[in-house]
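# Secondary and tertiary structure notes
Here is what each chain is made of, one letter per residue.
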Amino acid sequence: MFERFTQGARDVVRGAVAHAEQERAPHVDEGHLLLALLEARGTRAAFALGALGAATEARRASIGRGLTEARRRAGLSQADAEALAGLGIDVDAIVSRIEETHGVGALSGGRRFGGRRPFTKEAKGVLERSLRIALAHRDRSIGDQHLLLALTTRPGTVGEVLAEHGVTADAVERVLYGSAGGGQAAAS
């Protein structure tokens, strides 16, 4: 499938690996893909992010903080934390106690100090979904815009962080294709 990726999409995948290496993360996850997308310049995804106001330095930093906070909560989305709060479980208090004992970021995953970093099941799902989205739009190659759309359509913290910043599947569809949901129904 990688051979169908545009140069921009390949750069995003390589950038995601670089982010994982920089964090010494054991795996490349959806958050790493998003961080690499936010660094893209001159691509369709960069255009969409810019049109939606998510490409400014302040917004990119805010998105990065949202991802960091989600990782700190072991990947729990804000909706998950609110649901647990409804059951009387204070996720922030639990995270704080764990970090007091084991250090900041203890729930964000184990550290890896060398070797290749595999992609998580979820990150692989984004790559696979990007193919389906490209096919639904009758695009011949998979671009970084398809990766962005795939991230916006998946449930979880990355999609939640993007939505909090106005980057939804419908909004990206409108910017890139002039309609909301045009290729999403077929891509699901």
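Before going into details, it helps to say that this report is about the structure given with it.

## Structural notes on the nonpolar core
- Within the largest apolar cluster, 38 residues are counted, with the highest numbers of intra-cluster contacts made by Leu33, Leu34, Leu147, Leu148 and Leu151.
- Elements supplying a minimum of two residues to this core: helix 1 (7-23), helix 2 (30-39), helix 3 (44-51), helix 4 (57-72), helix 7 (121-136), helix 8 (144-153), helix 9 (157-164) and helix 10 (169-177).
- For this core, the leading source of residues is helix 2, giving six residues.
- Sequence-distant contacts of Leu148, that is, excluding residues within four places in its chain, are made with Leu37, Ala45, Ala48, Leu49, Val167 and Val172.

## Here we look at the environment of Ser141
- On the secondary structure map, Ser141 appears in the loop between helix 7 and helix 8.
- Overall, Ser141 belongs to the partly exposed group, its relative accessible area being 30%.
- Spatially, the C-alpha atoms of Ser141 and Leu131 are 8.3 Å apart, while their sequence positions differ by 10 residues.
- Apart from residues lying up to four places away in sequence, Ser141 is in contact with Arg4, Thr6, Ala134 and His146.

## Points about the pattern of salt bridges
- Counting across every chain of the model gives three salt bridges.
- Salt-bridge contacts for Asp11 lead to Arg14; the nearest nitrogen and oxygen are separated by 3.5 Å. Residue Asp11 and its partner Arg14 are located together in helix 1, separated by three residues, close to a single helical turn.
- Relative accessible area serves as the criterion here: at 42%, Asp11 is assigned to the partly exposed category.
- In this structure, Glu57 engages Arg60 in a salt bridge whose closest nitrogen and oxygen atoms are separated by 2.4 Å. Of this pair, Glu57 and Arg60 both sit in helix 4, three residues apart, roughly one helical turn.
- Given the relative accessible area of 56%, Glu57 is considered exposed.
- Note on Arg60: relative accessible area 16%, which makes it buried.

Conventions we followed
Residues numbered from 1 in each chain as written. Predicted model: local features only at pLDDT ≥ 70, side-chain atom pairs only at ≥ 80, totals over all residues. Heavy atoms only, no water. Core = buried A, V, L, I, M, F, W, Y, C linked by side-chain atoms within 4.5 Å. Buried < 20%, exposed > 50% of the residue type's maximum accessible area, 1.4 Å probe, protein only. Helix = DSSP H or I, 4+ residues; strand = E, 2+ residues; numbered from the N terminus. Contact = heavy atoms within 4.5 Å. Salt bridge = Lys/Arg side-chain N within 4 Å of Asp/Glu carboxyl O.

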